[in-house]
Amino acid sequence: MTIQISRFFLVIGFLLFVAFQVQAQGSSTLEIMKADVLLGANGFERLIGDVEMRNQNSLIYCDSAHFYRSTNQARLFGNVRIVDQEDPIKTTSAYAEYDGNKKLAKLRNNVVFTNQETTLYTDYLDYDRGLNIAYYYNDGKVVDSVNVLTSEKGKYEVSIERITFENDVVLINPDYTMKTNDLVYMTIPKTAETKGLTNLVSKEGNTLDAQNGSFYDTQKKQFRFFNGVVDTETSRVRAVELFYDENLAYYEGKDEVQVLNKEREVEIFGDVGKYWEERKYSLVYGNALVRRYFESDTLYMTSDSLISQDNEMDSAKFLLAFRSVNLVKSDLSGKADSLVYNYSDSSIQLFKDPVMWNQKSQISSDSMTFYIEKETLDRVYLKDNAFIITQDTILNFNQMKGRKMMGYFLDGQINQMDIDGNGESLYFVLESDTISQGANKTLSATIKLKFKDGAIQRVNYGIKPDGRFIPFQNLNDENSRLTGFNWRFEERPDMSTIFRWRTPQEIDLKAKNLFNIPEIEIRLPTEKEIEDEMKKRGYRPEKKVFN
């Protein structure tokens, strides 16, 4: 019986011991593990030399400590280290305050917070061990294997590997430097997301700016900007939403897309755009618009879709436009279904019912190529069913048609027209440029016409022309029109046509940029500071006596 009672108490004692150990291990109580010297003091215990304490799964080391047993708090001095035995987290500082009940460590001066490859440096860190979140308030720096990030304030959510940076945020990568005021960085995939104004400069000097935030995959080198602009030595790309893959040198934009080729001085606008920088190949569609800049003039062109290729390695360098093509320049306008602009010779080919207007002239054919030299219309080549209509001083319609035509311009006006094959002409004979006497109607295989101020001055016909003069009183709608006559001047596009199609949103090149803000604020001294400094140098202002 006695033996059984003894065994009973042994079992109970063992269970109580195990329970006590489990309770102690799960308790939030700060435990003193060791110290060289333990001294009692008023309201706290002083631990001196090689101090080691424990709070749950954290070991705490320091040179000395004040332990407030009643409130379960400690003040830690010198070489402070907090090591988590379960998570790979280690924290060091010169000074800290530790609250065992709240599981909160407030670390100050030379704080280093390490989590595997990620290290945070600051002088002011609060680490909530319960939530596993660290906060810093007066400047901090985070370093990992790829990036260095600094900011005025920050929050490190260790469990989900997310760091939020606020105010004066700078991200430095081997390939670029980025500035913003609000950034969320994921340490595992190494992605960065910003809100608001964001500016980036690459090591090559290219700039990427966003007014409404951005997203970066720093390892894949992929960027997404909102209301963003990318500016390089040879191009400038803008969009409401702009994606950029640095490895592929590829851009993709949505809404208000704008692509500027700085070398060609050609700017393209549209709803959606794609651009391959190395190939200098772009595709833009959705109410597309082109602006070709000249020294003293600009050519505007609209279409549904645009393709541009301008790589030095390509034999053909061109701009293609499809459907709803309209052209407007100071000395010409035109329309067609499709167009090819050749960069090498500044020629423009129009297809499918092309029509071009030059002052009082209308030119049409099945296909048409006109050339611009020294910023003005130089010549035009018409193939198949070529037809030219010009108006004289009293608005008569002079007409020319043939299989092929080559027209030449001088100072923006038609100067000469050569007709080759099945030539026909009808032009009105005027007296003193005010009275119509009749019209000459002629058939000839070839015809050469010279113009002055838009009016026919001289006509040369080929071999055996067939012509007749029709007196003014015998003219009617039938004999005063060549077959195929169609005056379409009301279709002539102008700048209102262009702006109805698309009104370009200009880039604000003077928009706020965080790289332009001085890092050091220069403060002017106050009057008192100036006076004190002068006194230090021995200057004493004279006292004026007033009588």
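Bear in mind that the values here come from a model prediction, so they are computed numbers and not experimental data.

*Asks:* Help me understand the overall build of the protein, please; the structure alone is not making it clear to me.
*Replies:* The helix and strand inventory of the protein stands at three helices and 36 strands. A compact globule built from 547 residues would reach a C-alpha radius of gyration of about 24 Å, whereas the protein, at 41 Å, exceeds it by more than 25%. Taken over the C-alpha atoms alone, the protein extends approximately 145 × 105 × 35 Å along its principal axes. Counting the 547 residues in the protein, one finds 46% classified as buried. Taking all contacts inside the protein whose residues are at least 6 apart in sequence as the whole, residues at least 24 apart take part in 38%. As presented, the protein carries roughly 29400 Å² of accessible surface, and 50% of it is formed by carbon and sulfur atoms. Of the charged side chains in the protein, 68 are positive and 81 negative, and the gap between their average positions amounts to 1 Å.

*Asks:* When you look at the nonpolar core in this model, what are you seeing that I'm missing?
*Replies:* For soluble globular proteins, nonpolar side chains are generally found buried alongside one another. If you look at the biggest cluster of nonpolar residues, it comprises 52 residues, and the most contacted ones within it are M53, L76, L107, F113, L125, F165 and L183. When sequence neighbours within four positions are dropped, the list of residues in contact with F165 reads Y136, V142, L149, S151, K153, G154, N181, D182, L183 and Y185. Counting residues in each nonpolar core, the second largest holds 42 residues, with A336, M405, M417 and L449 among its members.

*Asks:* How should the side chain of Q362 be read in this particular structure?
*Replies:* Examined against the element boundaries, Q362 turns out to sit in strand 29 (residues 361-364). The class of Q362 is buried, set by a relative accessible area of 2%. Polar side-chain contacts of Q362 include one of 2.7 Å to the backbone oxygen of N486. In contact with Q362, other than residues within four places in its own chain, are V355, M356, W357, F387, I388, I389, N486, W487, R488 and F489.

*Asks:* Whenever I open this one, empty space enclosed by the protein confuses me. Can you help?
*Replies:* Rolled over the atoms, a probe sized like a water molecule indicates the empty space that remains. Counted by the stated rule, this structure contains three cavities of 30 Å³ or more. Within this model, the largest cavity holds a volume of roughly 90 Å³. Lining the largest cavity are V259, L260, N261, V266, I268, Y275, K280, S282, S308 and Y343. Here the residues of the lining of the largest cavity are counted per class, giving six nonpolar, three polar and one charged. By volume, the second largest cavity is sized at about 70 Å³.

*Asks:* What is the right way to look at the pairing of strand 12 (residues 153-157) in this model?
*Replies:* Looking down a regular strand, the side chains alternate between one sheet face and the other. In terms of strand pairing, strand 9 (residues 133-136) meets strand 12 through four bridges, oriented antiparallel. Bridge pairing in strand 12 links Y136 to G154. Two successive antiparallel strands, strand 12 and strand 13 (residues 162-173), enclose a turn made up of four residues, where E161 displays a positive phi of approximately 55°.

*Asks:* When you look at the pattern of salt bridges in this model, what are you seeing that I'm missing?
*Replies:* Where charged atoms from two side chains of opposite charge come close, those side chains can pair. Scanning the entire structure with this criterion turns up 26 salt bridges. Residue D126 is joined to R108 by a salt bridge in which the shortest nitrogen-to-oxygen separation is 3.1 Å. Placement of the pair is D126 in strand 8 (residues 118-128) and R108 in strand 7 (residues 104-115), with a sequence separation of 18 residues. By relative accessible area, which is 14% here, R108 ends up buried. In this structure, the salt-bridge partner of R291 is E267, at a minimum N-O distance of 3.2 Å. A residue pair is termed long-range when its members are at least 10 positions apart, and R291 in strand 23 (residues 281-293) and E267 in strand 22 (residues 266-276) qualify at 24 residues. Among the residues examined, E267 registers a relative accessible area of 5% and is labelled buried. Here the residues in one salt-bridge network are K335, D353, R488 and E491, joined through shared partners.

*Asks:* Is there a simple way to explain the pairing of strand 21 (residues 250-261) in this structure?
*Replies:* In this structure, strand 20 (residues 235-245) lies alongside strand 21, joined through nine bridges in antiparallel fashion. Bridge pairing in strand 21 places Y244 opposite Y251. Note that strand 21 and strand 22 share ten bridges and pair antiparallel. The residue of strand 22 that forms the bridge with N261 is V266. Linking strand 21 to strand 22, which pair antiparallel, is a turn of four residues; within it E265 sits at a positive phi near 55°.

Rules and cut-offs
Residues numbered from 1 in each chain as written. Predicted model: local features only at pLDDT ≥ 70, side-chain atom pairs only at ≥ 80, totals over all residues. Heavy atoms only, no water. Helix = DSSP H or I, 4+ residues; strand = E, 2+ residues; numbered from the N terminus. Rg over C-alpha atoms; globule rule 2.2 N^0.38 Å. Buried < 20%, exposed > 50% of the residue type's maximum accessible area, 1.4 Å probe, protein only. Contact = heavy atoms within 4.5 Å. Areas by Shrake-Rupley, 256 points an atom, 1.4 Å probe, with all protein chains shown as cover. Lys, Arg positive; Asp, Glu negative; His and termini not counted. Charge placed at Lys NZ, Arg CZ, Asp CG, Glu CD. Core = buried A, V, L, I, M, F, W, Y, C linked by side-chain atoms within 4.5 Å. Polar contact = N/O pair within 3.5 Å; in protein donor to acceptor, adjacent residues only side chain to side chain. 1 Å grid on protein atoms, 1.4 Å probe; cavity = no way out; pocket = protein on both sides within 12 Å on 5 of 7 lines; lining within 4 Å. Points joined across faces, edges and corners; volume = space filled by probe spheres on them. Nonpolar A, V, L, I, M, F, W, Y, C, P; charged D, E, K, R; others polar. Pairing = 2+ DSSP bridges. Salt bridge = Lys/Arg side-chain N within 4 Å of Asp/Glu carboxyl O.

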